Amino acid sequence: MNITVIGTGYVGLVSGVCYAEIGNQVICVDKDPRKIEMLNAGEIPIYEPGLKELAAVNRTAGKLSFTGDLASAVRQSDVIIIAVGTPPLPNGEANLAFIDQVALEIAEAMNGHKIIAVKSTVPVGTNERLAQLIRSRTNHDFDSISLPEFLREGSAIEDTLHPDRIVIGAECQSAADTMVQLHKPLTEQIVVTDIRSAEMIKYASNAFLATKISFINEIANICEKVGADVTKVAEGMGHDKRIGPSFLKAGIGYGGSCFPKDTSALIQIAGHVDYEFKLLRSVVEVNQDQRFNVIRKLETIFHGELKGKTVAVWGLAFKPNTDDVRDSPALEIIQHLVDQGVKVKAYDPIAMDSFQALFGKDGVEWCSSALETAQDADALCLLTEWDEFASVDLLRLQNVLKQPILIDGRNVFKEENLLGTDFIYYSVGRPNLNQGVKQPMPVL
Ligand code: UDX
């Protein structure tokens, strides 16, 4: 098929490359000339393992191209996929200005029947509104499709080429059939439904996963008080097929470009129809508080006196294998430490530049390796579970720290890793490993 993908962010770029990979002719469009220039030079504006190589193969094969010329791309294509950003507004609602603009530009460019599919995450009813907008600007026929995206950063290619399911929201059977044909090479698990349900599936899926994370984080907090190990609790729960093992890793809470944005948007969507989504409100609140788990531990260790201490931070990205720092817990944790008069040293294998672009360069000592970061620090906080950190020699680490205090916000290290070391070690929801301040367990 001839496909245009509009927007070369995570979703658009990965989707475009993968549609080409399965044999389609794909044009990726972006209004940012610098991005198009980079892409045409074989560079990739985001860090995503394997993406650069897959894009190069498909460009060389003539199946993939990049342009800023939306109108020409639309005219050459039968299927137009919109994948522009819908970032949150200050009140939590999705900002639909970019998608509206793109819809208008598509309408002006149309030269015949098109299928117009929306991959961007949009509130229920948006596809219908966009269809009206397009209809008001063109006499050409088109079919609207809601095509929600479930890829995860860091494993985006694998998720796109081997998805758990594809969801297609359509009003017209023949357009739905075309989209099923397009996605058949990826999976047999294709859910075809109406447009509003498809839009809701995306929000409900992300809200449910966020709920699992906040749930296990609260269980972890209770585990710390009652002397249970949350990793064992999660393992024991996860074997139950009705629960499943994934998204039960306790830590310092979720971040990223999707969960925080989509949970807030769903609370707003519910609010617009006079429904208070109490459960999801709590999920967001728990997540917000969980970021301070690390700070609370530092305060316990230093008896509330953080001022003047040097704290090393490992990991700035919201999760490993990405340079994305949007809503990363590290932003808030580091800001809080700096505000408390702590001297912060920080390092991330990939996300240093993107973090500095958002946080600013001042107030933090930026380091170029894990051990350099830890040098002479009073405590080390691990905030992102990069493999690089798990493989650090703990005895060397202990020697470079001023005090061997390690707060593992992602439960990276195991008991056997710590044997033979003098670490005062804290993790999340594993009180048996929390060496240092031995609190007597309450009699239950
Ligand atoms: C998520 C959804 O998984 C994906 O389907 C959707 O399309 C976009 O949003 P992503 O934001 O890339 O993907 O990351 P994900 O792997 O889901 O992790 C999100 C956050 O949750 C990260 O901060 C991660 O550290 C945290 N997390 C995840 C946990 O704290 N515990 C877990 O068990 C899983």
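Note that the coordinates shown come from a computational prediction; the quantities given were computed from them, not determined experimentally.

A. View of the sheet that holds strand 5 (residues 114–118). The 8 strands are arranged 3-2-1-4-5-6-7-8 in an open sheet whose pairing can be described as mixed. Only two strands of the sheet have a single partner each, and these edge strands are strand 3 (64–67) and strand 8 (190–193). Along the sheet, successive strands turn relative to each other by an average axial angle of 25°, direction set aside. Summarising the sheet, strand 7 (residues 166–170) and strand 8 pair through 4 bridges and their orientation is parallel. By the bridge assignment for strand 8, V167 is matched with V191.

B. View of the environment of I22. Counting through the fold element by element, I22 comes out in the loop between helix 1 (10–21) and strand 2 (25–29). In contact with I22, other than residues within four places in its own chain, are L161, L182, P185 and L186.

C. Molecular detail of the side chain of D30. In this fold, D30 is placed in the loop between strand 2 and helix 2 (33–40). Of the residues examined, D30 reaches a relative accessible area of 10% and is grouped as buried. Within the structure, the side chain of D30 is placed 2.7 Å from the side chain of T8, a separation counted as a polar contact. Here D32 takes part through its backbone nitrogen, which lies 2.9 Å from a polar atom of the side chain of D30. Residues in contact with D30, not counting those within four places in the same chain, are G7, T8, K35, I36, T67 and G68.

D. Focus on the site of the ligand. Around the ligand there are 18 residues in total, and F150, L151, E153, K249 and K319 lie nearest to it. L151 places a main-chain nitrogen or oxygen 2.9 Å from an oxygen atom of the ligand. Take F318: an N or O atom from its main chain is 3.0 Å from an oxygen atom of the ligand. Contact with the protein chains covers 92% of the free accessible surface of the ligand, which is 660 Å². With 3 residues, the single largest contributor to the shell around the ligand is helix 9 (residues 195–226). Grouping the amino acids of the shell around the ligand by side-chain chemistry returns 9 nonpolar, 2 polar and 7 charged.

E. Structural context of the packing of aromatic side chains. Within this structure, the stated rule accounts for 8 aromatic pairs. Judged by centre distance (5.9 Å) and plane angle (65°), the ring pair of F355 and W366 falls under edge-to-face. In this pair, F355 sits in helix 15 (residues 352–359) while W366 sits in strand 11 (residues 364–366), placing the two residues 11 residues apart along the sequence. Taking the relative accessible area as the measure of exposure, F355 reaches 0% and is therefore buried. Look at W366 and you get partly exposed, because its relative accessible area is 21%. Arranged with centres 6.5 Å apart and planes meeting at 80°, the rings of F413 and Y425 form a pair that is edge-to-face. On the criterion of sequence distance, the pair formed by F413 in the loop between strand 13 (405–408) and helix 19 (415–418) and Y425 in strand 14 (residues 424–426) is long-range, its members being 12 residues apart. Take F413 and Y425: they sit in the same class, and that class is buried. Pairwise contacts between aromatic rings join F247, Y254 and F259 into one cluster. The ring of F150 carries the charged tip of R165 above its face, separated from the ring centre by 3.5 Å.

F. Expanded view of unusual backbone geometry. The phi angle at F247 is positive, at roughly 60°, despite the residue not being glycine. Tracing the sequence through the fold places F247 in the loop between helix 10 (230–238) and helix 11 (259–272). For F247, a relative accessible area of 28% gives the class partly exposed. Phi is positive for N321, close to 65°, though the residue is something other than glycine. Following the sequence through the fold, N321 ends up in the loop between strand 9 (310–314) and helix 14 (329–339).

G. Geometry of the pairing of strand 6 (residues 142–146). Taken across its 5 residues, strand 6 has 5 buried, putting it largely inside the fold. Where burial is concerned, the two faces of strand 6 agree: the one with F142, S144 and S146 and the one with D143 and I145 are both buried. Where strand 5 meets strand 6, 5 bridges bridge the pair, whose relative direction is parallel. Across the sheet, residue I115 finds its bridge partner in strand 6, namely D143. One crossover worth recording links strand 5 to the parallel strand 6 by way of helix 6 (residues 126–135), and it is right-handed. Of the pairings in the sheet, the one linking strand 6 to strand 7 comprises 2 bridges and is antiparallel in character. Bridging from a neighbouring strand, I145 pairs with A170 of strand 7.

Rules used throughout
Residues numbered from 1 in each chain as written. Predicted model: local features only at pLDDT ≥ 70, side-chain atom pairs only at ≥ 80, totals over all residues. Heavy atoms only, no water. Pairing = 2+ DSSP bridges. Helix = DSSP H or I, 4+ residues; strand = E, 2+ residues; numbered from the N terminus. Axes fitted to C-alpha atoms, helices over the stretch in contact; angles between N-to-C directions. Contact = heavy atoms within 4.5 Å. Buried < 20%, exposed > 50% of the residue type's maximum accessible area, 1.4 Å probe, protein only. Polar contact = N/O pair within 3.5 Å; in protein donor to acceptor, adjacent residues only side chain to side chain. Near = heavy atom within 4 Å. Areas by Shrake-Rupley, 256 points an atom, 1.4 Å probe, with all protein chains shown as cover. Nonpolar A, V, L, I, M, F, W, Y, C, P; charged D, E, K, R; others polar. Phe/Tyr/Trp six-rings, centres within 6.5 Å; stacked < 30°, edge-to-face > 60°. Lys NZ or Arg CZ within 6 Å of the ring centre and 35° of its normal. Right-handed = clockwise from strand over helix to strand, strands pointing away.

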